[in-house]
Amino acid sequence: MSAEKYDVVIMGAGIVGAACALECARQKMRVAVVDHDVIGGGATAAGMGHIVVMDDSEAQFALTRYSQQLWQQLRPELPDDVEYTQCGTIWVAADDEEMAEVHRKASYYQRRGVPVQILSAEDLARLEPNLRKGMAGGLLVTEDGVLYPPCAARFLIEQAQALGATVQVGAPVAEIGNGRVRRADGSELSAGVIVNAAGAWAPELTRGISVKKRKGHLVITDRYPGFIQHQLVELGYLKSAHSVSSDSVAFNVQPRRTGQVLIGSSRQYGAEHKEVDHEILGRMLQRAQEYMPRLSQTSAIRVWTGFRAATPDKLPLIGPWGEDSTVFLATGHEGLGITTSLATGRLLADQLSGRASQIAREPYLPSRATTMEHAHV
Amino acid sequence: MVSARKQFDVLIVGGGPAGIAAAVSAAQSGKRVGIVDDNPALGGQIWRGETAQSNSEAAAWLAKLHAWDVEVCAGTRVFDQPVSGVLRAESGDGTYQIEYGKLILATGARERFLPFPGWTLQNVMGAGALQALVKSGLPVSGKRVAIAGTGPLLLAVAAYLKNDGAKVVAIYEQVSRTALAKFALKVAAQRGKLAQALWLRKELRDIPLITNAWPVAARGNGVVESVVLCRGGKHEEIACDYLACGFHLVPNTELAVLLGCRLQNGYVQVDDFQQTSQPNVFCAGEPTGIGGVELSLIEGQIAGLVAIGKEGEAQSLFSARRKMRSFAEALDRTFALRPELKSLASTGTIVCRCEDVKYGQMTQHRSWRAAKLHTRCGMGPCQGRVCGPATQFLLGWTPESVRPPIFPVALENLISETHEEKEHTFVM
Ligand SMILES: Cc1cc2nc3c(=O)[nH]c(=O)nc-3n(C[C@H](O)[C@H](O)[C@H](O)COP(=O)(O)OP(=O)(O)OC[C@H]3O[C@@H](n4cnc5c(N)ncnc54)[C@H](O)[C@@H]3O)c2cc1C
Ligand SMILES: Cc1cc2nc3c(=O)[nH]c(=O)nc-3n(C[C@H](O)[C@H](O)[C@H](O)COP(=O)(O)OP(=O)(O)OC[C@H]3O[C@@H](n4cnc5c(N)ncnc54)[C@H](O)[C@@H]3O)c2cc1C
């Protein structure tokens, strides 16, 4: 039996694999996407879909900002069910210390051309009356937005298909390497390049990459149109990040177009099962209620969990895997993969086609991993 | 909101015939027995509104229940199991954290509804739902009610509504007259109470029972005015004020699945002692198979007895259960849905009512999960309780995993107390 031949075979039809597929197809490569589940059924189905510019590091800023702008460019083409809304993010400051962070963040963003607006306590109370009284203020980042990730992934896949890409779902892959992709049923695909975009499961296909599962919980309410207007995220995580346990929760709520409120978020290492963990769920909701007391009386209809693919330096792995010249990585996007998917697709296709990139690619190359591991001991 | 703790040696979820029988049987032991049901009073679907004073089989069972020291938590809905051995329930005045030694699931069944053009019009509703509304005061006197779908429930509802003064236009049953006649014979042979209840009631005598017929569309301007039926290959239109539909029953297995109980062909798998695949968890009544009141009562008694260690006594009920189960199998066979019903929905027919998802959107996907992710079907407050069973029949899809809460709850109630060690004071 001769194996099907492609220029690029992408492992994973999550939003990252989908974006890679589209960008490679645009570069006229023969592309196949393989997934054992449905399109967008992994972390992409679990994630919040907050398109957000972040500033933990220069590299994180560059990637999130570049990608956010790519989403804005794509906006006119996005079908209605992607639910793209540019609602903006408000970083909520509970006290003066956090307000100082608002000012720091504001000047960081302003210097880099990101439109922001500093909100006084009164501004914040007016914009989001359901927040607890007595907040210090906040920072509104107007170009941030929200979308519905599974449909976004499907849209990108359909665009890639229109350019000739092949999509094979329901096909588990057992092994990749040396230009071959072997499915669990023994059949093979042959590829010039294999892109491992299997999210938190990527280490199962490429041993030795520094990606760990980081579990998150989310809760969705019934419809309460207008309950909140922006994605609201606490700045208090700055302090709680220093807590003794590695598990953490933060107030992070999102308005869905349906009027539902999506409530996050939690972060746990070492949790491998997707079952709901009631202890951390309780802490997460407690936090949400502290910030937004009226949430307590809303009707909660479902709780679910998902796995982020976390790396030690909070930056994704985009580029060649040193140990096999046919394998490229596009994983490790932690809690930002919906945002950074489009930029990831671009950076990957740039590398494969020899095209120059719009932002520096070095910070995301997997080859940094050794030094990275070192720094985190 | 207040949160109270309760502890039972034997806890029963569901206060229909199965649950009541289980509670009565378990209570004889003197152990702490509790029964939880989300309706204002016990009785379940069929005994809704019965009291210990009314003169019926229901009354007899309820009287027994009250004679024993069983704690009844009515108006209380179980929505989660935060840790093994502890359930959480919500009631009007707060939440309960209920610890159990043995648990009996008697969560009953609900109607299956199949979507057809016009089914979302006002006054088109589930047959059982209409009956329940009438029981709680909806006046139907003089109203024209058309009843359509399949299963003995339609007859029961027709009789009930007629008694309440409704003008039941006709009952449209999708199965053939021969199949129905065969079933009637079997029922008569067993002389079950259900047989009497369903077939010998005088109320039904002058209501036309039209077989080989099914609804294809409901018409009206906001409110239903008529129903179009397919009858012998031809379409006919009948005027009505209400259209009550039901396509047999589907078991309520959500709680069982949340607890990790294995299913078999969509029903909760139990052994001879009504024991599920989870230790200390039993199941009785409709979730183990749709078999009517009598089977529910027997299964409930067996589960109740086994939960208090009286396996021997339970065994004496096995032969009665066997007989009733063969009736259940006949029910399933007789009222199997005919393939033509799969084409009732057209592309524009809404299938998921919570999220307004149309049939044509769903058929673009290959599985329930894919359709759910990409169309939002099943994501609303009912969490696929209606569209799940419908698509199971229409498209052969199996709904995905159950996640807490199994019913919508006030968000604050999802926060469970820090889990202090569960006290192990149980006698078993
Ligand atoms: C709770 C939570 C909230 C989040 N919120 C946000 C947010 O607000 N904004 C944001 O930008 N990001 C957010 N994220 C992160 C975001 O969801 C992820 O970074 C993103 O979805 C990753 O996409 P992916 O394509 O890399 O992975 P996935 O979506 O997980 O896709 C990987 C795919 O690979 C397939 N696969 C795995 N192994 C195999 C195999 N052996 N064979 C075949 N196929 C395989 C899987 O089936 C899956 O479809 C959140 C994540 C979580 C968990
Ligand atoms: C809508 C409907 C109408 C019916 N009408 C008739 C009729 O008129 N005549 C007839 O002969 N048969 C009728 N039946 C069939 C009859 O109900 C059953 O044969 C019999 O009652 C089954 O008994 P059960 O105890 O298994 O379940 P049920 O009687 O259904 O009792 C289950 C109980 O558990 C409760 N429950 C479920 N989950 C939870 C939870 N998580 N927390 C708390 N409580 C919970 C339910 O609300 C219900 O009260 C009807 C069935 C349905 C679904």
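Note that the structure is a prediction, hence the values are computed from the model and not measured.

(A) Main features of the site of ligand 1. Residues and elements named next belong to chain A. Within the structure, ligand 1 sits among 33 residues, and Asp-35, Ala-43, Thr-44, His-50 and Thr-339 are positioned closest to it. Between ligand 1 and the protein, one listed contact pairs an oxygen atom with a backbone N or O atom of Ala-43 at 2.8 Å. Thr-44 has a polar side-chain atom sitting 2.5 Å from an oxygen atom of ligand 1. When ligand 1 is considered free in solution it has 1,000 Å² of accessible area, and contact with the protein chains removes 95% of it.

(B) Representation of the sheet that holds strand E14 (residues 234-239) of chain B within the structure. Residues and elements named next belong to chain B. Reading across from one edge, E12-E13-E14 is the order of the three strands in this open sheet, with antiparallel pairing throughout. Only two strands of the sheet have a single partner each, and these edge strands are strand E12 (213-221) and E14. In this sheet, neighbouring strand axes are inclined to one another by 25° on average, regardless of whether the strands run parallel or antiparallel. Summarising the sheet, E12 and strand E13 (residues 223-231) pair through eight bridges and their orientation is antiparallel.

(C) The arrangement of unusual backbone geometry in detail. The peptide bond linking Gly-264 of chain A to Ser-265 of chain A adopts the cis configuration, its omega dihedral lying at -10°. Position of Ser-265 of chain A relative to the elements: it lies in strand E15 (residues 260-269). Along the chain, Pro-404 of chain B connects to Pro-405 of chain B via a cis peptide bond; the corresponding omega equals -10°. With respect to the secondary-structure elements, Pro-405 of chain B resides in the loop between helix H13 (387-395) and strand E22 (409-410). Its identity as a non-glycine residue notwithstanding, Lys-28 of chain A has a phi of 65°, on the positive side. With respect to the secondary-structure elements, Lys-28 of chain A resides in the loop between helix H1 (15-26) and strand E2 (31-35). Looking at Lys-28 of chain A, the relative accessible area reads 73%, which means it is exposed. In the Ramachandran plot, Asn-212 of chain B falls in the positive-phi region, its phi being about 55° despite a non-glycine side chain. Here Asn-212 of chain B shows up in the loop between strand E11 (209-210) and E12.

(D) Spatial organisation of helix H3 (residues 58-74) of chain A. Residue and element names in this part refer to chain A. A rise of 1.5 Å per residue sets the reference length of H3, with its 17 residues, at 24 Å; its end C-alpha atoms lie 24 Å apart and thus fit the reference within 8%. H3 sits mainly inside the fold: 12 of its 17 residues count as buried. Along H3, the residues that are buried comprise Ala-59, Gln-60, Phe-61, Leu-63, Thr-64, Arg-65, Tyr-66, Ser-67, Gln-68, Leu-70, Trp-71 and Leu-74. For H3, the elements touching its buried residues are H1, strand E3 (50-51), helix H4 (96-111), helix H6 (149-162), strand E17 (317-320) and helix H10 (337-353).

(E) Representation of the domain arrangement of chain B within the structure. Under the domain assignment used here, chain B contains domain 1 (2-110 + 250-332), domain 2 (113-247) and domain 3 (339-395). For domain 1 of chain B and domain 3 of chain B, the distance between their C-alpha centroids amounts to 31 Å.

(F) Highlighting the pattern of salt bridges. One pass over the full model with this rule turns up 38 salt bridges over all chains. Glu-23 of chain A is the salt-bridge partner of Arg-26 of chain A, the closest N and O atoms lying 3.1 Å from each other. Within this pair, Arg-26 of chain A and its partner Glu-23 of chain A are both found in helix H1, separated by three residues, close to a single helical turn. With a relative accessible area of 7%, Glu-23 of chain A lands in the buried category. Its salt-bridge partner being Asp-9 of chain B, residue Arg-32 of chain B comes within 3.3 Å of it at the nearest N-O pair. With Arg-32 of chain B in the loop between helix H1 (17-27) and strand E2 (33-36) and Asp-9 of chain B in strand E1 (residues 3-13), this pair connects stretches of sequence that are 23 residues apart.

(G) Focus on the side chain of Arg-88 of chain B. Residues and elements named next belong to chain B. By the element assignment, Arg-88 lies in strand E5 (residues 86-91). A relative accessible area of 2% means that Arg-88 is categorised as buried. Polar side-chain contacts of Arg-88 include one of 2.6 Å to the side chain of Gln-97.

(H) Main features of the packing of helix H8 (residues 292-307) of chain B against helix H10 (residues 318-334) of chain B. Residue and element names in this part refer to chain B. Orientation of H8 relative to H10, taken along the N-to-C sense of each, is 145°, at an axis distance of 9 Å. Between H8 and H10 lies a crossing whose hand is left-handed. Across the interface between the two elements, Glu-294, Leu-295, Ile-298, Glu-299 and Ile-302 of H8 pack against Phe-318, Ala-320, Arg-321, Met-324, Arg-325 and Ala-328 of H10. For the contact of H8 with H10, a count of residues per class yields seven nonpolar, no polar and four charged.

(I) The interface of chain A and chain B, seen in detail. Contacts between the two partners involve 39 residues from chain A, matched on the other side by 32 residues from chain B. Both sides of the chain A and chain B interface together cover about 2,800 Å² of buried area, and 53% of this is carbon and sulfur. When the area that chain A buries against chain B is broken down by residue, the three leading residues are His-278, Ile-301 and Arg-302 of chain A, summing to 25%. The interface formed by chain A and chain B includes two salt bridges. Its salt-bridge partner being Arg-223 of chain A, residue Glu-355 of chain B comes within 2.7 Å of it at the nearest N-O pair. Between chain A and chain B we count 16 residue pairs in polar contact (both at pLDDT 80 or more) in total.

The rules behind these values
- Residues numbered from 1 in each chain as written.
- Chains lettered and ligands numbered in written order.
- Predicted model: local features only at pLDDT ≥ 70, side-chain atom pairs only at ≥ 80, totals over all residues.
- Heavy atoms only, no water.
- Near = heavy atom within 4 Å.
- Polar contact = N/O pair within 3.5 Å; in protein donor to acceptor, adjacent residues only side chain to side chain.
- Areas by Shrake-Rupley, 256 points an atom, 1.4 Å probe, with all protein chains shown as cover.
- Pairing = 2+ DSSP bridges.
- Helix = DSSP H or I, 4+ residues; strand = E, 2+ residues; numbered from the N terminus.
- Axes fitted to C-alpha atoms, helices over the stretch in contact; angles between N-to-C directions.
- Buried < 20%, exposed > 50% of the residue type's maximum accessible area, 1.4 Å probe, protein only.
- Expected span 1.5 Å × (residues − 1).
- Contact = heavy atoms within 4.5 Å.
- Domains from an automatic or database assignment.
- Salt bridge = Lys/Arg side-chain N within 4 Å of Asp/Glu carboxyl O.
- Left-handed = near helix turned anticlockwise from the far one by under 90°.
- Nonpolar A, V, L, I, M, F, W, Y, C, P; charged D, E, K, R; others polar.
- Buried area = accessible area lost by both parts, 1.4 Å probe.

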